[in-house]
Amino acid sequence: MSLKEVNCGSNALFVIGAHALSTEDEEVMGLLLGKLDYDKRNGIAERANIFKVLPLSRTDKRADRVEVDSSQLAIASEEAEADGLTVVGWYHSHPHITAAPSHVDAQTQGQYQALDSGFVGLICAAFQGDRHDLPPSLKVIAFQSDDTTNQPGGIFSASSSNANSQRGSEEPPSYNDLISTTRGATTIRRLWRSREIPLNLTGDFHQSTSSSSSLKALAKLQDALLQEETQSFSFYVNDITFSATSSRIFCNAVFQQSLALLTVDSLTPLLHVAAAKLIAAKKRVQDLKSKRDSLLLLLRQQQQTVSEHKE
Ligand SMILES: [Zn+2]
């Protein structure tokens, strides 16, 4: 048995959406920080509560594939612990395709669940439809995977070769896509099948999910995107085959163009969000001041009434 439902704070979902919309051509990926609720009778995780997300910078980015440096996972665990949270799952985007988990997604999720049965996957489908006159749409689903290796219709195979557990193309599973666990001298290949889990949008009740915290996460998103571009630039500019002056000029031009696109597509919308939040915060302050003034007036009137009664 696994999770029955997933609760996601609105600020966390906002950051996932912003990350998914940051690029139309490649998948993005990040981690979900929060807490798991366990069934007291059997100690099995039944609910995942997502309070915060951590966008990750990619070491390989394509339309149907994303890879990250494993050192980021250790940093994420430390950050979660600092807030009294744990890493409860991962998210990735599906630009221009449906939110349905691919076979590779199901295998990857199954691999994570082998480590922690409460681990959950979120998929954010972005840029659905081809009409550019409409605002970009988003759909988010939560899923886990069931091990169907020994069920009717499941695939079972024993082999001594190692399976490739890396996330790859969104094509039907080949034997190399299937996650393997070693038993003795042979390798048991497992078939995981994805299952959607009810996803609830909740308020931001945890201290780490305040509005300023979500803005910090959005700022980290900018850092992650900038880091990706800087790493790509360093890789190519230090490549011996790009040593010619014209090649270096080309690398610099591409890097500058990438930074300009980041500014237009990601940083500028973020500044608009920050400006909108500032206006909303100022209005909130004004409303609270008006409420305070009316309460103080009411208090003075009541004090006056009490003193008149005494006289
Ligand atoms: Zn996917």
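The sections below set out a description of the structure shown in this document. In this text, all values refer to a predicted model and were calculated from it rather than measured experimentally. Position numbers for residues count from 1 along each chain, tracking the sequence in the order it is written. Only residues with pLDDT of at least 70 get local features here, since the model is predicted, and only at 80 or more are side-chain atom pairs given and counted; chain-wide, interface and lining totals rely on the full set of residues. Side-chain metrics rest on all non-hydrogen atoms present in the structure, leaving aside hydrogens and water.

## Considering the coordination of the zinc ion
Convention followed: In this description, a donor is an N, O or S atom within 2.8 Å of the metal centre, a cutoff extended to 3.2 Å for sodium, potassium and calcium. Water is not part of the atom list, which can make sites seem incomplete. Each label reflects the angles at the metal, where four donors whose angles all fall between 85 and 135 degrees are tetrahedral, four or six donors whose opposite pairs open beyond 155 degrees and whose other angles stay between 65 and 115 are square planar or octahedral respectively, and the rest are irregular.
Coordination of the zinc ion by the protein comes from H92 (NE2), H94 (NE2), D105 (OD) and D105 (OD), over a distance range of 2.0 to 2.6 Å. Because the angles between the four donor atoms bound to the zinc ion fall within 55 to 155 degrees, the donor set is best described as irregular.

## Describing the nonpolar core
Within soluble globular proteins, side chains that are nonpolar tend to cluster in buried spots. The line we're drawing: We call a set of buried Ala, Val, Leu, Ile, Met, Phe, Trp, Tyr and Cys residues a nonpolar core when their side-chain atoms join them within 4.5 Å. Whether a residue is buried, partly exposed or exposed follows from its accessible area with a 1.4 Å probe, protein chains only, as a fraction of its type maximum: under 20%, in between, or over 50%, in that order. Numbering of helices and strands starts at the N terminus; helices are DSSP runs of H or I of at least 4 residues and strands are runs of E of at least 2. Whether two residues are in contact is decided by their heavy atoms: any pair within 4.5 Å suffices.
If you look at the biggest cluster of nonpolar residues, it comprises 28 residues, and the most contacted ones within it are V6, L32, I50, V120 and L122. When residues of this core are traced back to their parent elements, those giving at least two are β1 (5–9), α1 (10–20), β2 (29–38), β3 (45–55), β6 (86–95), β7 (120–126), α4 (211–237) and α5 (245–310). Residues within four places of L32 in sequence aside, it is in contact with I16, I50, K52, V53, T86, V87, V88, G89, W90, Y91, V120 and L122.

## A look at the packing of aromatic side chains
The following threshold applies: The criterion for an aromatic pair is that two Phe, Tyr or Trp rings (for Trp, the six-membered ring) have centres within 6.5 Å, with stacked assigned to planes under 30 degrees apart, edge-to-face to planes over 60 apart and tilted to the rest.
Overall, the coordinates contain four aromatic pairs when judged by the stated rule. Centre to centre, the rings of F233 and F255 are 4.4 Å apart; their planes meet at 15 degrees, and the pair counts as stacked. In this pair, F233 is assigned in helix α4 and F255 in helix α5, connecting sequence segments 22 residues apart. Accessibility assignment for this pair places F233 and F255 in one class, buried. Ring centres 5.1 Å apart and planes at 85 degrees place the aromatic pair F235 and Y236 in the edge-to-face group. Using a relative accessible area of 53% as the deciding quantity, one classes F235 as exposed. In textbook terms, an aromatic cluster arises when at least three aromatic residues are bridged by ring pairs, as seen for W90, Y112 and F119.

## Quick look at the pattern of salt bridges
A pair can form between side chains of opposite charge whenever their charged atoms are brought close. Note the threshold: Note on definitions: salt bridges are taken to be side-chain nitrogens of Lys or Arg within 4 Å of carboxyl oxygens of Asp or Glu.
Under the definition given, this model contains nine salt bridges. Among the ionic pairs, D83 bridges to K52, the shortest N-O distance being 2.4 Å. Taken together, the residues span a long stretch of sequence, with D83 in the loop between α2 (71–82) and β6 and K52 in strand β3 at a distance of 31 residues. The network of salt bridges with shared partners includes E5, D37 and R47.

## Quick notes on the layout of surface pockets
As a reminder, the rule being used: Here a cavity means grid points, on a 1 Å grid over the protein atoms only, where a 1.4 Å probe fits yet cannot get out; a pocket means an open set of points with protein on both sides within 12 Å along at least five of seven lines; lining residues are those with an atom within 4 Å of a point. Grid points are joined across faces, edges and corners, and a volume is the space filled by probe spheres set on the points. Residue type decides the class: Asp, Glu, Lys and Arg count as charged, Ala, Val, Leu, Ile, Met, Phe, Trp, Tyr, Cys and Pro as nonpolar, and the leftover types, Gly among them, as polar. Bear in mind that the domain bounds are from an automatic or database domain assignment.
Of the volumes computed, that of the largest pocket is approximately 910 Å³. Along the wall of the largest pocket there are 38 residues; nearest its centre are S22, T23, E229, L262 and D265. Looking at the lining of the largest pocket, the elements that each hand over two or more residues are α1, β4 (58–62), β8 (138–147), α4 and α5. Sorting elements by how many residues they give to the lining of the largest pocket places α5 first, with 13 residues. Taken together, the residues that form the lining of the largest pocket break down as 22 nonpolar, eight polar and eight charged. Each of domain 1 (5–208) and domain 2 (239–310) gives at least three residues to the lining of the largest pocket.

Limitation: the analysis is restricted to geometry and does not speak to function.
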